[in-house]
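What follows is the residue order along each chain.
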Amino acid sequence: MPVDKRWSARLQVLFGLVILGFVIYGAAQQWSQVQPVLAGLRWGWMAAAVLVQMLCFFVLPLPLWLWLHRYSKNFPFWEAVRVFFLSQLAKYLPGSIWAFPAKGLLLRQQGFSIKVVGGAILYETLALCTGALALGCLGASQLPSFEMGTLGAGQLPALSLGWMIAAGVVAGWVGLVLLLRPPALLGRLLARWQFQNTEPLAFGAALRISTLAIAAATAAWVLAGLSFYLILLALRTAPGAGVALAAMAAFSISWLLGFVVFLSPGGIGVREASLVFLAGHALAAPVLYPAAILSRLAWSLGELMLYFLFSGPGKGRLTMFDSKITYDAERLKSLYAKSQETLLEMAAPSYLHSNPLIRWIVGRRMREAISFLNLAPGASLLDFGCGAGILFLQLPQDGRAYIGVDLELWPAEGMLAHHKRADVKLYDSQTWTSQVEDQSLDNITALEVLEHVSDLPSLLTLFRQKLAPNGRLVVSGPTENKVYKLARRVSGFSGDYHVRDIFEIRKAIEAAGFVLEQRSQLPLPGPLCLFSVERYRPQD
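Residues numbered from 1 in each chain as written. Predicted model: local features only at pLDDT ≥ 70, side-chain atom pairs only at ≥ 80, totals over all residues. Heavy atoms only, no water.

Asker: Lay out the overall build of the protein chain in plain terms, naming residues and giving numbers.
Answerer: A tally of helices and strands in the protein chain yields 23 helices and 7 strands. Taking as baseline every contact in the protein chain between residues at least 6 positions apart, the subset at least 24 positions apart corresponds to 73%. Just so you have it, the protein chain exposes about 23100 Å², and 62% of that area is on carbon and sulfur atoms. (Helix = DSSP H or I, 4+ residues; strand = E, 2+ residues; numbered from the N terminus. Contact = heavy atoms within 4.5 Å. Areas by Shrake-Rupley, 256 points an atom, 1.4 Å probe, with all protein chains shown as cover.)

Asker: Account for the nonpolar core, with residues named and values stated.
Answerer: Counting 48 residues, the largest nonpolar core has L60, W221, F228 and W299 as its most contacted members. Those elements that provide at least two residues to this core are α3 (43-59), α5 (77-88), α7 (114-138), α10 (203-234), α11 (241-260), α12 (270-278) and α13 (285-310). Beyond its immediate chain neighbours, meaning those up to four positions away, L60 contacts F84, L128, A220, W221 and W299. The next biggest cluster of nonpolar side chains, apart from the first, holds 34 residues, and it includes I325, L381, Y402 and V474. (Core = buried A, V, L, I, M, F, W, Y, C linked by side-chain atoms within 4.5 Å. Buried < 20%, exposed > 50% of the residue type's maximum accessible area, 1.4 Å probe, protein only.)

Asker: Would you mind going over the pairing of strand β1 (residues 380-384) in detail, with residue names and values included?
Answerer: For β1, the tally of buried residues reaches 5 of 5 residues, placing the bulk of the element in the interior. On β1, burial covers both faces: S380, L382 and F384 on one face and L381 and D383 on the other are all buried. The pairing of β1 with strand β2 (residues 401-406) spans 5 bridges and is parallel. Bridge pairing in β2 places S380 opposite A401. As paired strands, β1 and strand β4 (residues 441-447) are joined by 3 bridges and run parallel to one another. Each bridged residue has a counterpart across the sheet, and for D383 the counterpart in β4 is T445. (Pairing = 2+ DSSP bridges.)

Asker: Provide a residue-level description of helix α14 (residues 329-338), including the pertinent values.
Answerer: Of all the residues in α14, the buried ones are L332, L335 and Y336. Viewed end-on, α14 has its buried residues packed into an arc of 100°, placing them on one side of the element. Seen from the buried face of α14, the exposed residues on the opposite side, beyond 90 degrees, are E330, A337 and K338. On its buried side, α14 packs onto α15 (340-345), α16 (348-351), α18 (390-393) and α19 (410-418). The N-cap residue of α14 is D328: its side-chain oxygen and the backbone nitrogen of E330 are 3.0 Å apart. (Arc of directions from axis to C-beta. Polar contact = N/O pair within 3.5 Å; in protein donor to acceptor, adjacent residues only side chain to side chain.)

Asker: Give a description of unusual backbone geometry that names residues and reports values.
Answerer: Of note in the backbone geometry, Q439 takes a positive phi value of approximately 55° without being a glycine. Mapping Q439 onto the fold places it in the loop between α20 (432-435) and β4. The phi dihedral of E448 is positive, around 55°, even though this residue is not glycine. Examined against the element boundaries, E448 turns out to sit in the loop between β4 and α21 (456-466). Its relative accessible area of 17% is what places E448 among the buried residues.

Asker: Just give me the short version of the side chain of E534, but keep the residues and values in it.
Answerer: Tracing the sequence through the fold places E534 in strand β7 (residues 529-538). Among residues more than four places away in sequence, those in contact with E534 are F372, L473, V474, V475, I502, R506, L516, Q518 and R519.

Asker: Please give an account of the packing of helix α4 (residues 62-71) against α7 that cites residues and values.
Answerer: The N-to-C vectors of α4 and α7 enclose an angle of 150°; their axes lie 8 Å apart at closest approach. For the pair α4 and α7, the crossing hand works out as right-handed. On α7, the residues that touch P63, L64, W67, L68 and Y71 of α4 are V116, G119, A120, Y123, E124, A127 and L128. Taken together, the residues of the contact of α4 with α7 sort by class into 10 nonpolar, 1 polar and 1 charged. (Axes fitted to C-alpha atoms, helices over the stretch in contact; angles between N-to-C directions. Left-handed = near helix turned anticlockwise from the far one by under 90°. Nonpolar A, V, L, I, M, F, W, Y, C, P; charged D, E, K, R; others polar.)

Asker: Lay out a nonpolar patch on the surface in plain terms, naming residues and giving numbers.
Answerer: A cluster of nonpolar side chains, namely L257, F259 and V260, defines an oily patch on the protein surface of about 240 Å² accessible area. Mapping L257 onto the fold places it in helix α11. Classification of L257 as partly exposed rests on a relative accessible area of 36%. (Patch = residues over 30% accessible without salt bridge, like charges linked within 9 Å, V, L, I, M, F, W, Y side chains within 5 Å. Salt bridge = Lys/Arg side-chain N within 4 Å of Asp/Glu carboxyl O.)

Asker: Break down the pattern of salt bridges for me, citing the residues and quoting the values.
Answerer: If you walk through the whole model with that rule in mind, you get 10 salt bridges. Its salt-bridge partner being E124, residue K103 comes within 2.8 Å of it at the nearest N-O pair. Of the two residues, K103 is situated in helix α6 (residues 99-109) and E124 in helix α7; the sequence distance between them amounts to 21 residues. Its salt-bridge partner being E368, residue R364 comes within 3.1 Å of it at the nearest N-O pair.

Asker: Kindly report on the packing of α6 against α7, identifying the contributing residues and their values.
Answerer: Remark: α6 packs on α7, axes separated minimally by 10 Å, with the N-to-C direction vectors making an angle of 140°. On the basis of the axis angle, α6 is oblique to α7. In this structure, α6 meets α7 at a crossing whose hand is right-handed. Taking contact as the criterion, the partners of F100, K103, G104, L107 and R108 in α6 are, on α7, I114, V117, A120, I121, E124 and T125. Of the residues contributing to the contact of α6 with α7, the split by class is 6 nonpolar, 2 polar and 3 charged. (Parallel < 35°, antiparallel > 145°, perpendicular 65-115°, else oblique.)

Asker: So what's going on with the environment of L393? Which residues, and what values?
Answerer: Mapped onto the secondary structure, L393 falls in helix α18. Measuring from C-alpha to C-alpha, the distance between L393 and M415 comes to 8.9 Å, with 22 residues separating the pair along the chain.

Asker: I'd like a rundown of the sheet that holds strand β5 (residues 467-478), residues and numbers included.
Answerer: Consider a sheet: its strands pair through backbone hydrogen bonds, and that pairing is either parallel or antiparallel. The strand order across the open sheet formed by 7 strands is β3-β2-β1-β4-β5-β7-β6, and the pairing between neighbours is mixed. The open sheet is flanked by β3 (424-428) and β6 (514-523), the only strands paired with a single partner. Geometrically, the sheet is characterised by an average inter-axis angle of 20° between neighbouring strands, direction not taken into account. For β2 and β3, the ladder comprises 5 bridges, and the chain directions are parallel.

Asker: Which residues make up the side chain of D442, and what values go with them?
Answerer: Within the secondary structure, D442 is located in strand β4. Of the buried charged residues, D442 lacks a salt bridge, with R400 as the closest side chain of opposite charge at 8.4 Å. Polar contacts involving the side chain of D442 include one to the main-chain amide nitrogen of S380, which spans 2.8 Å. Once residues lying within four places of it in the same chain are set aside, the contact partners of D442 are N374, G378, A379, S380, L467, G471 and R472. (Lys, Arg positive; Asp, Glu negative; His and termini not counted.)

Read these as spatial facts, not as claims about activity.
Rendered as structure tokens:
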């Protein structure tokens with residue numbers, strides 16, 4: 001069951017800070033040597049490092065743009081840059097995985113279909129990782145740190161190193177080609193994830209775009225590594241081609257490590273510690289410690305500058321972080337403090353979560369459900385498992401009949417009274433069937449509740465009995481897939497107390513005589529889908 005989100009988020013941040021503390025501790029231990037290095041910082045080289053880092057930032061979005069340009073020739077490159085950097089700040093949220101849904105949501109706002117968005121995220125990620133792997137393998141022979149122990153990259157035969165480079169590049173290249181032009185087997189797999197291309201390219205075109213994407217990604221990491229090398233020069237290290245290649249390789253590998261260690265927001269700490277370890281024998285520690293920290297500052301400050309540049313007036317802000325649902329958060333907090341156990345079951349921690357993307361998903365889920373309803377004048381609605389009654393606060397007060405049903409009614413009573421909503425009748429879950437006439441309801445909603453019900457078939461029979469012949473049943477539920485479970489962990493929720501997932505709920509609803517009319521997957525379809533909102537009608 002849910003746990004206190006605060007300690008979980010802090011633990012994840014602490015994870016990165018502890019690793020970063022390794023770098024800071026090392027610098028402090030050798031402060032007598034680090035201090036003169038920093039005092040002699042050459043600001044001209046430092047400015048050049050920042051400039052090269054900014055150039056890298058404008059190359060990084062190229063793989064994303066190459067994919068999107070296939071579907072919209074009028075989609076400008078600068079818009080791809082904007083989407084890329086507006087979403088990047090989300091990676092600094094606890095868990096660091098939030099840049100993916102953030103990017104997907106921004107692209108959906110641009111009008112791209114779910115299939116195109118899903119493919120773009122997959123395609124871009126593979127291209128960037130392949131480019132980093134290729135550059136990292138290429139410069140691995142210049143990283144004597146691998147000699148720690150009995151086997152090091154510096155001791156590997158040139159042929160083995162060449163095979164490492166070839167394997168990394170070819171694997172990524174082939175993967176991108178298959179994404180652009182999927183054969184039958186891969187096509188079926190991607191279709192299941194809803195990432196399949198709607199217009200597969202010819203082999204030559206797919207090969208060309210894949211080559212351009214990997215070349216762009218590799219160029220971006222060359223620039224990023226060059227920026228790190230210029231920081232080393234700013235700290236008065238001896239220049240040299242070998243050191244430059246080592247700097248590029250170390251940065252590429254450290255980025256990959258920071259990317260895959262999701263517990264560290266933005267890879268903070270992981271990348272810095274990796275840089276110190278990888279180049280630890282090639283360069284003196286008093287230089288590496290401040291270089292790693294300065295590299296992080298240059299990268300993060302550059303991202304922040306581009307965020308404000310691309311979210312200024314007239315450019316569209318990061319509005320996806322707004323919950324856009326109406327309720328008094330302070331009132332909900334006071335109810336939560338009164339009985340945490342009851343409000344936990346009513347998803348209060350999700351509404352109040354410190355992570356804005358979680359609040360967005362909760363709000364978006366509710367708005368999608370409302371869009372599925374029949375809200376014609378005089379239409380009736382019953383919200384089964386109404387919780388604190390937040391759904392009713394989003395509905396108009398114009399004579400419609402609203403009914404809320406739950407095991408505990410006092411949270412809804414408190415919220416509705418506070419918001420002066422006297423148009424809602426609240427019934428106990430044990431007695432509502434005798435208080436609501438058969439075939440009298442135009443809408444029934446059951447949002448995030450059916451996964452908890454033990455006897456679902458009996459409840460669905462009641463729903464069909466109470467719905468009018470042209471009524472609508474709108475439900476939502478979790479997918480319980482690996483991404484969902486990962487998102488729960490990084491968001492501070494634990495335990496497995498759901499009886500079923502949305503797929504089992506769907507089978508039960510269809511078995512009860514309902515027909516699926518519409519479905520919305522949030523935040524994105526396929527493996528990134530956390531929740532599904534679905535509308536059903538009684539079968540004729």
